[in-house]
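Residue strings, one per chain:
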Amino acid sequence: MAVERIKLLGVGIDICKPEDIEETILNLLDKQGPKQIMFINIWDFLKARGKSQYAECVRNADLVLPVSKSILMGAKFLKKDIPVRHNPFNALISILSVLEAHYKSLYLLGGRKKTVMTAEKNVRNTFKTLQIVGRCVGYYHKSIEDDVVQAIYKACPSLVLMSEGIKEKDCWSYNRRNKLNSSIFLFYNDAIGIFSDRKKRISEKTFEHGTEFLHELVKKPLHIVLIIPFIFYIIRLVWEKLFNKG
């Protein structure tokens, strides 16, 4: 598998170059059991350092792709191999293109009814030979949970794309791994919103500058408190460099 995993402050991060996406996805599809791809930003990274369910989910993920410059900065500071930073939307398009080229299938899980139906239509128009074998809204009532899981199991899609409305986010598939088949699971909160034209994706320029977090801050000003764990991240990097050189 054309992927190298490094440990940064105890968290596994994968180095996967864009040109290796196809081989990586095909290798994952060959593995037995449910697989998971995760996009993690710096805040996710900090959560992954604890003993939470999310941290366990990251440790067991098959592919952990960093989306924040701060993670790359940390790897460089500690003189580790530097991961490739992935724009989640571009990475998703690459994954869907691989699935289309190999006549694989997709299941959409998330969004409201109208949103997910529009997203399905637009995905079908863009990826002509990609089979969409099912869809389900994300804001479903807990009483139909077993039906949702069973529908995904029976459809046996190559990829289950999870999006808004899935409360457990990345942990949804991990918590139900014993009830699922050999699909790949990927949570990307904005995916269905973008595919349905209800949301705008972050521009390439903004992503390259690493200022995408400012857009989130405008929408959720209270997230300014996240500066505190970020300061702790910097301190922890310095501590690691000074006292854990081995």
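Preceding this paragraph is the structure being described.
It should be emphasised that the depicted structure is a prediction, and the values quoted were computed from it without experimental measurement.

Reading guide: rules and limits
Each chain carries its own residue numbering, running from 1 in the direction its sequence is written. Totals for whole chains, interfaces and linings use every residue, but because this is a predicted model, local features are given only for residues with pLDDT of at least 70 and side-chain atom pairs only at 80 or more, for both listing and counting. Note that water and hydrogens are dropped before the side-chain values are worked out from all heavy atoms of the structure. In this description, a nonpolar core means a group of buried Ala, Val, Leu, Ile, Met, Phe, Trp, Tyr and Cys residues linked to one another through side-chain atoms lying within 4.5 Å. In this scheme, a residue with accessible area under 20% of its type's maximum is buried, one over 50% is exposed, and one in between is partly exposed, where area comes from a 1.4 Å probe on protein chains only. Helix numbers and strand numbers start at the N terminus; a helix is a DSSP run of H or I with at least 4 residues, a strand a run of E with at least 2. The rule is short: rings of Phe, Tyr and Trp, with Trp giving its six-membered ring, pair when the centres are within 6.5 Å, and they are stacked under 30 degrees, edge-to-face over 60, tilted in between. With axes taken as lines fitted to C-alpha atoms, and helix axes fitted only over the stretch in contact, angles between N-to-C directions fall between 0 and 180 degrees. The crossing is said to be left-handed when, going from far helix to near helix, the turn is anticlockwise and less than a right angle, and right-handed when the turn is clockwise. Residues count as neighbours in contact if any of their non-hydrogen atoms are within 4.5 Å of one another. Nonpolar residues are Ala, Val, Leu, Ile, Met, Phe, Trp, Tyr, Cys and Pro. Charged residues are Asp, Glu, Lys and Arg, and all others, Gly as well, are polar. Like-charged residues are merged into a patch within 9 Å and nonpolar side chains (Val, Leu, Ile, Met, Phe, Trp, Tyr) within 5 Å, provided each residue has over 30% relative accessible area and no salt bridge. With residues, only the protein chains shown are counted as cover, and all accessible areas are computed by Shrake-Rupley using a 1.4 Å probe. Every case where a carboxyl oxygen of Asp or Glu lies within 4 Å of a side-chain nitrogen of Lys or Arg is listed as a salt bridge.

Peer 1: Can you walk me through the nonpolar core in this structure?
Peer 2: The nonpolar side chains of soluble globular proteins are, as a tendency, buried together. In this structure, Ile25, Ile37, Leu96, Leu106 and Leu161 are the most contacted members of the largest nonpolar core, which totals 34 residues. In terms of residues, this core owes the most to one element, helix H5 (residues 88-101), which gives seven residues. Membership of the second largest hydrophobic core comes to 24 residues, among which are Ile15, Ile42, Val58 and Ala75.

Peer 1: Help me out: how do you make sense of the packing of aromatic side chains in this one?
Peer 2: For any pair of aromatic rings, geometry is given as the distance between the ring centres together with the angle between the planes. A full pass over the atoms with the stated rule returns six aromatic pairs. With 6.0 Å between their ring centres and 80° between their planes, Phe39 and Tyr188 make a pair best called edge-to-face. Taken as a pair, Phe39 in strand S3 (residues 35-40) and Tyr188 in the loop between strand S8 (184-187) and helix H9 (191-195) lie far apart in primary sequence, 149 residues in all. The buried category is assigned to Tyr188, whose relative accessible area is 12%. Taken together, a centroid distance of 5.7 Å and an interplanar angle of 75° make the contact between Phe45 and Tyr233 edge-to-face. On the criterion of sequence distance, the pair formed by Phe45 in helix H2 (residues 42-47) and Tyr233 in helix H12 (residues 227-243) is long-range, its members being 188 residues apart. For Phe45, a relative accessible area of 0% gives the class buried. Take Tyr233: its relative accessible area is 1%, and that puts it in the buried class.

Peer 1: Hey, could you run me through unusual backbone geometry in this one?
Peer 2: In most cases, non-glycine residues show a negative phi, while peptide bonds are predominantly trans. Positive phi, close to 50°, is recorded for Leu9, a residue that is not glycine. Along the chain, Leu9 turns up in the loop between strand S1 (4-8) and strand S2 (11-15). Residue Leu9 is classed as buried on the basis of its relative accessible area of 10%. The phi dihedral of Cys156 is positive, around 50°, even though this residue is not glycine. Within the secondary structure, Cys156 is located in the loop between helix H7 (145-155) and strand S7 (159-162).

Peer 1: Just checking my understanding: could you explain the packing of helix H1 (residues 21-30) against H5 for this structure?
Peer 2: The relative placement of two packed helices comes down to the angle between their axes together with the axis-to-axis distance. Two numbers describe how H1 lies on H5: the axes approach to 10 Å, and their chain directions differ by 65°. Along this stretch, H1 crosses H5, giving a crossing that reads as right-handed. On H5, the residues touching Ile21, Glu22, Ile25, Leu26 and Leu29 of H1 are Ser94, Ile95, Val98 and Leu99. Taken together, the residues that form the contact of H1 with H5 break down as seven nonpolar, one polar and one charged.

Peer 1: I keep staring at a nonpolar patch on the surface and nothing clicks. Help me out?
Peer 2: Taken together, the side chains of Met73, Phe77, Ile234, Val238, Trp239, Leu242 and Phe243 present a nonpolar region at the surface, about 640 Å² in accessible area. For the nonpolar patch, the secondary structure elements donating two or more residues are helix H4 (69-77) and H12. At five residues, the largest contribution of residues to the nonpolar patch is made by H12. Given a relative accessible area of 32%, Phe77 falls into the partly exposed group.

Peer 1: It is not clear to me how the environment of Glu204 should be interpreted in this structure. Could you clarify?
Peer 2: As for its position among the elements, Glu204 is in helix H10 (residues 204-209). On the basis of relative accessible area, Glu204 is assigned to the partly exposed category, the value being 34%. Taking the C-alpha atoms as reference points, Glu204 and Phe187, separated by 17 residues in sequence, lie 21 Å from one another. Among all residues touching Glu204, those that are not within four sequence positions of it are Asn87 and Asn90.

Peer 1: Is there a simple way to think about the environment of Arg112 in this case?
Peer 2: Along the chain, the position of Arg112 falls in the loop between strand S5 (105-109) and helix H6 (113-126). Placed 96 residues apart in sequence, Arg112 and Cys16 show a C-alpha to C-alpha distance of 33 Å. Residues in contact with Arg112, not counting those within four places in the same chain, are Val137 and Tyr139.

Peer 1: Just to check I follow, could you spell out the environment of Ile37 for this structure?
Peer 2: By the element assignment, Ile37 lies in strand S3. Spatially, the C-alpha atoms of Ile37 and Ile184 are 7.2 Å apart, while their sequence positions differ by 147 residues. What Ile37 contacts, discounting residues up to four positions off in sequence, is Ile25, Leu28, Leu63, Leu65, Ile95, Asp170, Ile184, Phe185, Leu186 and Phe187.

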